[in-house]
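# Observations on chain architecture
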Amino acid sequence: MTDAGIGGLLESLLGERAVSTEEYAKRLADFDVGALLDAALDHATPAELTTTCEESYTHANGFEKVSFPPVPGRAERLRLHLWRRAPLQADPHNHRWALTSRVLAGALRSTTFEAGATGTVHRHYRHRPHTPPPGCTFDELGSATLQLASVIDHLAGQTYALPPETVHVAGPAPGRIDPTVTLALELAPVTQDTDVYTPAGAAKPVGTRVMPPCYTPDEVRARLGEVRQLVAVSAFREVMRRAYTAPTFRHHRWYVPYHLELVERLAAELLDHYPGADRAKVSALVWLHDYGKALHNSPSHQVTLSEGALRLREAGLDEPFVADVVAYARMLDRAPELDLSRAPVEVRIASSADGCAHLVGPFFHLYWWENPDRPHDQLMAENLRKLDKDWHRKIVLPEARAAFEGRHRMLREQAGELPERFLT
Ligand SMILES: [Fe+2]
Ligand SMILES: [Fe+2]
């Protein structure tokens, strides 16, 4: 497929003109994204790269956009959208075209609005492409009241469709480590302009051409490379998710929602404090770190490292990435003897999130539930031992320790370590 080049791949995606957005959505869901990224990164002609740069830029709504070249004779356009974090402000808007979009990594939160008597007052603008392109212009139309209509999270692997008239904002769903990436197929335009709404206090420049600076070829290539890695991490995450939910794993009923997704959420919050950390590696580490346990029903560190490395490579991650993540997982396993406060930041984040995840949700109760035949004093002593390990060996980041001190103290009480007085 790679030999087809970008042009051939885009032509195969568009195919015959379809009658419905759903038909395009099905084609997009079946499309070989890996081949497209390989073609764009490894085989793009200088002309294709130049055309890609012309419409690739950071959008005012907080995402980075890479536009693949148009197919001659066709009005549809294929674009990558990448959100590194939730935008501070995204303006509700509709589109000139119906859209179908496939989530390649992370999770996309789509929020839709409708005009209503109650809601939030916005400034209402008409948005038009500038003639000649590129760029756009805004005209102010007055004010409009928008009320929330729906909030839907689309997960990696899902493809959805959006009619042109739907007023919406899109952004990353909370709680995920990885940036969110979508591959959006815009169908042929059906109107000349769109509506954009800004909250009171914000405003658009009226009557002047707005033209964000386009990416350089290096900036486009860096984003394509990053997306290829994020797609691989997303595939790895799905393989791990299936392993932890396999009925052969004794904790399969609760391990994803009450351990791994909690570790992921905590790591995502900690990453906000450490912007220099490699998010993709933290994400892979979070989903890898208990893999041996899922395969063997007991802590199997060597299996985590050996089988985990195979799964990382199969997902398409390169050797330096695999070597780092496996080395980090080995450090996590050695928490009892290593001083993890001196470990790389990715390890400190994953270790602290892992320890904190035990202090929220039903973790300690599940231990009682899963071991009904053991004497209660043994269960309490074992939970106290786990609390010690989490607090003294795993939770090393100061932000996590400060936020979880109260939870830790309360759980020690529940494990039998009672204070002398309760009221004062
Ligand atoms: Fe949109
Ligand atoms: Fe864990």
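Residues numbered from 1 in each chain as written. Chains lettered and ligands numbered in written order. Predicted model: local features only at pLDDT ≥ 70, side-chain atom pairs only at ≥ 80, totals over all residues.

### Observations regarding the overall build of the protein
- Helix and strand counts for the protein stand at 14 helices and ten strands.
- In terms of overall dimensions, the protein has C-alpha extents of about 75 × 55 × 40 Å along its principal axes.
- Expressed as a percentage of the 424 residues in the protein, the buried residues total 35%. (Helix = DSSP H or I, 4+ residues; strand = E, 2+ residues; numbered from the N terminus. Buried ≥ 20, exposed ≤ 12 C-beta atoms within 10 Å, placed from the backbone.)

### Quick look at the domain arrangement of the protein
- Domains assigned within the protein are domain 1 (2-213) and domain 2 (220-414).
- The distance between the C-alpha centroids of domain 1 and domain 2 comes to 34 Å.
- Opposite the 22 residues of domain 1 that make contact, domain 2 presents 22 residues.
- Listed by contribution, the elements that provide at least two residues to the side of domain 1 that touches domain 2 are helix H3 (33-42), helix H4 (46-54), strand E2 (64-67), strand E3 (77-83) and strand E4 (99-105). (Domains from an automatic or database assignment. Contact = placed C-beta atoms within 7 Å.)

### A short note on helix H13 (residues 376-394)
- Across its 19 residues, H13 extends 26 Å between first and last C-alpha, which sits within 8% of the 27 Å expected from 1.5 Å per residue.
- Every buried residue of H13 is accounted for by Asn383, Leu387, Asp390, Trp391 and Lys394. What you see down the axis of H13 is that its buried residues fit within an arc of 125 degrees, all on one side. In this structure, H13 carries Asp377, Gln378, Arg385, Asp388 and His392 as exposed residues pointing more than 90 degrees from its buried face.
- Elements that come into contact with the buried residues of H13 comprise helix H11 (345-357), helix H12 (363-370) and helix H14 (398-414). (Expected span 1.5 Å × (residues − 1). Arc of directions from axis to C-beta.)

### Some remarks on the packing of H3 against helix H5 (residues 217-244)
- With their axes 10 Å apart at the nearest point, H3 and H5 run at an angle of 155 degrees to one another. Relative to H5, the element H3 is oriented roughly antiparallel. As H3 runs across H5, the sense of the crossing is left-handed. Residues Val33, Leu37, Ala40 and Leu41 of H3 form the contact with H5, whose participating residues are Arg221, Leu224, Gly225, Val227, Arg228 and Val231.
- In terms of residue class, the contact of H3 with H5 is made up of seven nonpolar, one polar and two charged. (Axes fitted to C-alpha atoms, helices over the stretch in contact; angles between N-to-C directions. Parallel < 35°, antiparallel > 145°, perpendicular 65-115°, else oblique. Left-handed = near helix turned anticlockwise from the far one by under 90°. Nonpolar A, V, L, I, M, F, W, Y, C, P; charged D, E, K, R; others polar.)

### Overview of the sheet that holds strand E1 (residues 57-58)
- Read from one edge of the open sheet, six strands run E1-E2-E3-E9-E4-E7, paired in antiparallel fashion. A single partner strand is all that each edge strand has here, and the edge strands are E1 and strand E7 (159-162).
- Running over the sheet, H5 touches E2, E3, E4 and strand E9 (180-186) and is turned about 70 degrees from E4. (Pairing = 2+ DSSP bridges.)

### What about the environment of Met380?
- Along the chain, Met380 turns up in helix H13.
- For Met380, a count of 16 C-beta atoms within 10 Å translates into the label partly exposed.
- Considering only alpha carbons, one finds Met380 and Cys356, 24 residues apart in sequence, at a separation of 19 Å.
- Once residues lying within four places of it in the same chain are set aside, the contact partners of Met380 are Ala415 and Gly416.

### Remarks on unusual backbone geometry
- That bond from Thr131 to Pro132 is cis: its omega, 0 degrees, falls within 30 degrees of zero.
- Its location among the elements puts Pro132 in the loop between strand E5 (107-129) and strand E6 (136-155).
- A cis geometry characterises the amide bond from Pro133 onward to Pro134, with omega recorded as 5 degrees.
- Structurally, Pro134 can be placed in the loop between E5 and E6.
- In this model, Asn297 sits at a positive phi of 60 degrees, which is unusual for a non-glycine residue.
- Examined against the element boundaries, Asn297 turns out to sit in the loop between helix H8 (291-296) and helix H9 (301-314).
- Among the residues examined, Asn297 registers 12 C-beta atoms within 10 Å and is labelled exposed.

### Looking at the nonpolar core
- Counting residues in hydrophobic clusters, the biggest one holds 90 residues, and the most contacted among them are Ala267, Val286 and Ala353.
- Ranked by the residues each element gives to this core, the list is headed by H5, at twelve residues.
- Of the domains in this structure, domain 1 (2-213) and domain 2 (220-414) are the two that each give at least three residues to this core.
- Discounting residues that sit within four places of it in the chain, Val286 has contacts with Ile177, Leu260, Val263, Glu264, Ala267, Ala350 and Ala353. (Core = buried A, V, L, I, M, F, W, Y, C linked by C-beta atoms within 7 Å.)

### So, the pairing of E5
- Bridge count between E5 and E6: 19 bridges; the pairing is antiparallel. Opposite His122, over in E6, you have Ala144 as the bridge partner.
- Adjacent in sequence and paired antiparallel, E5 and E6 are bridged by six residues, among which Gly135 carries a positive phi angle near 100 degrees.
- Across six bridges, the pairing between E5 and strand E8 (residues 167-172) is antiparallel.

### Some words on the environment of His122
- You can see His122 is positioned in strand E5.
- Using a count of 21 C-beta atoms within 10 Å as the deciding quantity, one classes His122 as buried.
- When the C-alpha positions of His122 and Val303 are compared, they lie 56 Å apart, and in sequence the two are 181 residues distant.
- Not counting the four nearest positions on each side in its chain, His122 is found in contact with Pro92, Ser143, Ala144, Leu146, Tyr197, Thr198 and Pro199.

### Remarks on the packing of helix H6 (residues 255-271) against H11
- At a minimum axis distance of 8 Å, the contact between H6 and H11 shows a crossing angle of 130 degrees. The angle between H6 and H11 falls in the class oblique. Crossing handedness for the pair H6 and H11: right-handed. Between H6, through His259, Leu262, Val263, Leu266, Ala267, Leu270 and Leu271, and H11, the contact on the second element is made entirely by Ile349, Ala350, Ser352, Ala353, Asp354, Cys356 and Ala357.
- Here the residues of the contact of H6 with H11 are counted per class, giving eleven nonpolar, two polar and one charged.

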